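Working through the structure, step by step
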Amino acid sequence: PQRDPQLPSLPESYRTIPIAHGAGFWRKLFAFAGPGYLVAVGYMDPGNWATDIGGGAKFGYTLLSVVLLSSLIAMFLQALSAKLGIATGQDLAQACRAHYSRRTSFGLWILCEIAIAACDLAEVLGSAVALKLLFHLPLLYGVILTGADVLMVLALQGRGFRWVEALVITLIVTIAGCFAYEILFAQPLWREAAVGLLPRAEILQDRDMLYLAIGILGATVMPHNLYLHSSIVQTRAFAYHVDSKREAIRFSILDSSVALGLSFFVNAAILVLGAAAFHSHGLSNVADIEQAYRLLA
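First, a word on scope: everything that follows refers to the structure included in this document.

Bringing the overall build of the protein chain into the picture now. Assigned secondary structure in the protein chain consists of 14 helices and two strands. Its C-alpha atoms give the protein chain a radius of gyration of 20 Å, within 12% of the compact-globule value 19 Å for 297 residues. Across the 297 residues in the protein chain, those meeting the buried criterion constitute 41%. Across the protein chain, every contact between residues at least 6 apart in sequence was considered, and the portion connecting residues at least 24 apart equals 83%. On the protein chain, roughly 16200 Å² of surface is accessible, and the fraction owed to carbon and sulfur atoms is 69%. Charge-centre separation for the protein chain: the mean point of 20 positive side chains lies 9 Å from the mean point of 20 negative side chains.

Let us look at the environment of Tyr 211. By the element assignment, Tyr 211 lies in helix α11 (residues 207-220). Since its relative accessible area comes to 67%, Tyr 211 is described here as exposed. Sequence separation between Tyr 211 and Leu 145 is 66 residues, and the spatial gap between their C-alpha atoms is 34 Å.

Further remarks concern the pattern of salt bridges. Taken as a whole and assessed by the stated rule, the structure comprises four salt bridges. Where Arg 236 meets Glu 165, a salt bridge forms, and the shortest distance between an N and an O atom there is 2.8 Å. Of the two residues, Arg 236 is situated in strand β2 (residues 236-237) and Glu 165 in helix α8 (residues 161-186); the sequence distance between them amounts to 71 residues. Glu 165 gets classed as buried once you look at its relative accessible area, which sits at 1%. The network of salt bridges with shared partners includes Arg 162, Glu 165 and Arg 236.

Now for the packing of helix α3 (residues 46-59) against α11. For any two helices packed against each other, the geometry is given by the interaxial angle and the distance between the axes. Contact pair α3 / α11: the axes reach a minimum separation of 9 Å and the direction vectors enclose 155°. When the interaxial angle is binned, α3 and α11 end up roughly antiparallel. Crossing hand, α3 versus α11: left-handed. Judged by residue contacts, Gly 47, Asn 48, Thr 51, Asp 52, Gly 54, Gly 55, Lys 58 and Phe 59 of α3 engage Asp 208, Met 209, Leu 212, Gly 215, Ile 216, Ala 219 and Thr 220 from α11. Each residue belonging to the contact of α3 with α11 can be placed in one class, and the counts come to five nonpolar, seven polar and three charged.

Conventions we followed
- Residues numbered from 1 in each chain as written.
- Predicted model: local features only at pLDDT ≥ 70, side-chain atom pairs only at ≥ 80, totals over all residues.
- Heavy atoms only, no water.
- Helix = DSSP H or I, 4+ residues; strand = E, 2+ residues; numbered from the N terminus.
- Rg over C-alpha atoms; globule rule 2.2 N^0.38 Å.
- Buried < 20%, exposed > 50% of the residue type's maximum accessible area, 1.4 Å probe, protein only.
- Contact = heavy atoms within 4.5 Å.
- Areas by Shrake-Rupley, 256 points an atom, 1.4 Å probe, with all protein chains shown as cover.
- Lys, Arg positive; Asp, Glu negative; His and termini not counted.
- Charge placed at Lys NZ, Arg CZ, Asp CG, Glu CD.
- Salt bridge = Lys/Arg side-chain N within 4 Å of Asp/Glu carboxyl O.
- Axes fitted to C-alpha atoms, helices over the stretch in contact; angles between N-to-C directions.
- Parallel < 35°, antiparallel > 145°, perpendicular 65-115°, else oblique.
- Left-handed = near helix turned anticlockwise from the far one by under 90°.
- Nonpolar A, V, L, I, M, F, W, Y, C, P; charged D, E, K, R; others polar.

Structural data, given as structure tokens:
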């Protein structure tokens, strides 16, 4: 069904980014690039860092296959989410309300609020811990400062959605560069890392390994990102006819796949770093960011 044009998703940003008619491939690719990177941030948060560091420290490179499979699942789900937003003109929340009963929609809303609160808790505390480690800032002040930062980023939407996308892409590239730099010094065993990308039955048979694998999966696949992605793909002003929507879907899926490929690199790099810096030296009980911070030094 076609969305009611009077009820757009994210009305302040809806169709604010123009798509030039008749533009070439690279120009259109640049125009559609952005939403995938906003989604990718959710796949490389402090929850991912803790589970990946713990997995690498305890089991070496074995759980790399879980990171890979989780990332592939995420790419598939985000592609479906983008397709929903572009093809129907509704985000996932609007589609749920339109097609499910009021009771089911209410239940989904409660579950999403819990998921958002749980994820935000990890993000805010992770940022506060980082500020404490870097600048010896008390956790309470770190939490307050992080909350203020979030409000500043949200305020950027008033300057245009491209500002938000540019900031997030800059941060992601910085994170990827930092981990590439650390891996250079950690000197991992690349052959063992390549073997670790292959799934093993051992993961299902070992209770501790399975527990961490479930943690990696849970920290990687973010349900609220499905709602987000189906909404922010509608910031592009593509034409309403079928061919334009198909083209928009192709470019949006390409955008999200590249962005999630980058998040896979970051998550894999965290696990590889944990294996190379800790597991290889007999340090198997590193499970949080503060421990990793001290040992990496």
